Amino acid sequence: MPVKRVVAFRFHRDPLVCRDRISLVRRLNPGVPVHGIFGGPGGSRGAAFRLFGRRVLGLDALYISRHSGHWNWKNGDLVLLDWYREIGHRLSFDVLYFLEWDLLLTESLERLYATVPRDAVGLTAPTPLSVIGDDWRWTAGHDEAREWRELLAFAQARYGCDYGYDVVPHGCLGDGPCFPRAFLDDYAAADPPAFGNDELRYPLFAQLLGYPVADTGFRRAWHCPEDDSYFNNLGEKSITWETVASELAKPDGRRVFHPVRAPLRGLTFEPGAGGPRRGASRRGE
């Protein structure tokens, strides 16, 4: 039976890039609804997005988070749950794809997430904390370490166990997760607290709620410096269009890139085939 998909597109800036990215998602995935979740600052920018964002960006609907921009950045999963409780639970879908504005997907969702079973939580680079190391900001800082302990205490009190179904705690990269509908129902009902961040809570609650976790494969491993040129969470280290075009020209090249913070120019896609045209040109100057 075909999988019924929906996209939740999370953004907080750069409307031209967002419009480009949403248009590409639609072209590569005909018929898949795209719902926007704006998590940026309030004020005049938030008001403008509220009034014009859905139409200008080409979204099916637009949800504006009530929280601050920093809170939204840290707690993407909780923003998604707010949206799900208010809007998403009324939609008809099997799997939801939670896409960031600066995540570039150049083939269809069906192809890119082919290794993620429809009943699994798809996460990018789920990795034991012991492998991630002691310098990860979400467990290393004083406040962050305290929140992680508080999150584990919540899990123990709620579920009567030290760490759910797996004694090995994990982290992940928060870019490009996907969730079966049943998981979102259960996660919303669990009402997780804002301790830690989404990259800790995703794997933790998948384990607590009994859902299998599958790696999206967007990054080969947490500690894989050679992947930084294609997929990284290093802040300002944006992927160049030269790199994207070079990979798309290869039959076995990369098809997912992060972060890409410029509009598409000079890249040709074949929506019917769900992917880029071979020999895609580089960005025009």
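Use the structure listed above.
Presented here is an overview of the structure given in this document.

A few points about the pattern of salt bridges
Piece 1. Considering all chains together, one arrives at 17 salt bridges under this definition.
Piece 2. Across the pair Asp77 and Arg201 runs a salt bridge whose closest N-O atoms are separated by 2.7 Å. Of this pair, Asp77 sits in helix H4 (residues 76-86) while Arg201 sits in helix H10 (residues 198-208), and the two are 124 residues apart along the sequence. For the pair shown, Asp77 and Arg201 are each scored as buried.
Piece 3. For Asp143, the salt bridge goes to Arg146, with nearest N and O atoms at 3.9 Å. Of this pair, Asp143 and Arg146 both sit in helix H8 (residues 142-159), three residues apart, which is roughly one turn of the helix.
Piece 4. Look at Arg146 and you get partly exposed, because its relative accessible area is 31%.

A short note on H4
Piece 1. Of all 11 residues making up H4, nine are buried, and the element is well covered by its neighbours.
Piece 2. Taken together, the buried positions of H4 are occupied by Gly76, Asp77, Leu78, Val79, Leu80, Leu81, Asp82, Trp83 and Tyr84.

Some thoughts on the packing of aromatic side chains
Piece 1. Per the counting criterion, the structure on display carries 14 aromatic pairs.
Piece 2. Plain terms: the ring middles of Phe9 and Phe11 are 6.0 Å apart, the flat faces sit at 35° to each other, and that makes the pair tilted.
Piece 3. By relative accessible area, which is 1% here, Phe9 ends up buried.
Piece 4. With centroids separated by 5.2 Å and ring planes inclined at 85°, the aromatic side chains of Trp136 and Trp222 adopt a geometry described as edge-to-face. Here Trp136 is found in the loop between helix H6 (129-132) and helix H7 (137-140), whereas its partner Trp222 is found in the loop between strand S8 (213-215) and helix H11 (241-248), with 86 residues between them in sequence. Each member of the pair Trp136 and Trp222 is classed as buried.
Piece 5. The ring of Phe93 has Arg181 sitting right over it, with the charged end atom 4.8 Å from the ring centre.

Some thoughts on unusual backbone geometry
Piece 1. Following His258, the chain continues to Pro259 via a peptide bond in cis, the omega torsion being -5°.
Piece 2. Along the chain, the position of Pro259 falls in the loop between strand S9 (256-257) and strand S10 (269-270).
Piece 3. Positive phi, close to 50°, is recorded for Asp14, a residue that is not glycine.
Piece 4. For Asp14, the location among the structural elements is in the loop between strand S1 (5-11) and helix H1 (15-28).
Piece 5. Of note in this structure, Asp191 is not a glycine but carries a positive phi near 50°.
Piece 6. You can see Asp191 is positioned in the loop between helix H9 (181-190) and H10.
Piece 7. For Asp191, a relative accessible area of 47% corresponds to the partly exposed category.

So, the environment of Gly122
Piece 1. Secondary-structure assignment places Gly122 in strand S6 (residues 121-128).
Piece 2. Between the C-alpha atom of Gly122 and that of Asp215, which follows or precedes it by 93 residues, the distance is 5.7 Å.
Piece 3. Those residues in contact with Gly122 that sit more than four places away from it in its chain are Val116, Pro177, Cys178, Ala214 and Thr216.

Overview of the sheet that holds S1
Piece 1. One open sheet holds the seven strands; their spatial order is S3-S2-S1-S4-S7-S6-S8, and the pairing between them is mixed. A strand with exactly one partner marks an edge of an open sheet, and here the two such strands are strand S3 (61-64) and S8. The mean angle between the axes of side-by-side strands here comes to 35°, regardless of whether they run parallel or antiparallel.
Piece 2. The sheet contact formed by strand S4 (residues 95-100) and strand S7 (residues 170-180) spans three bridges and is antiparallel. Opposite Tyr97, over in S7, you have Cys178 as the bridge partner.
Piece 3. Set on the sheet, H1 makes contact with S1, strand S2 (34-38) and S4; between it and S1 the angle comes to about 170°.

Concerning the pairing of S1
Piece 1. Counting buried residues along S1, seven of its seven residues qualify, which places the element largely inside the surrounding structure.
Piece 2. Burial along S1 is two-sided: the face carrying Arg5, Val7, Phe9 and Phe11 and the face carrying Val6, Ala8 and Arg10 are both buried.
Piece 3. Of the pairings in the sheet, the one linking S1 to S4 comprises six bridges and is parallel in character. Within S4, the residue paired with Phe9 across the bridge is Leu99.
Piece 4. Pairing between S1 and S2: five bridges, direction parallel. Opposite Ala8, over in S2, you have His35 as the bridge partner.

Conventions we followed
- Residues numbered from 1 in each chain as written.
- Predicted model: local features only at pLDDT ≥ 70, side-chain atom pairs only at ≥ 80, totals over all residues.
- Heavy atoms only, no water.
- Salt bridge = Lys/Arg side-chain N within 4 Å of Asp/Glu carboxyl O.
- Helix = DSSP H or I, 4+ residues; strand = E, 2+ residues; numbered from the N terminus.
- Buried < 20%, exposed > 50% of the residue type's maximum accessible area, 1.4 Å probe, protein only.
- Phe/Tyr/Trp six-rings, centres within 6.5 Å; stacked < 30°, edge-to-face > 60°.
- Lys NZ or Arg CZ within 6 Å of the ring centre and 35° of its normal.
- Contact = heavy atoms within 4.5 Å.
- Pairing = 2+ DSSP bridges.
- Axes fitted to C-alpha atoms, helices over the stretch in contact; angles between N-to-C directions.

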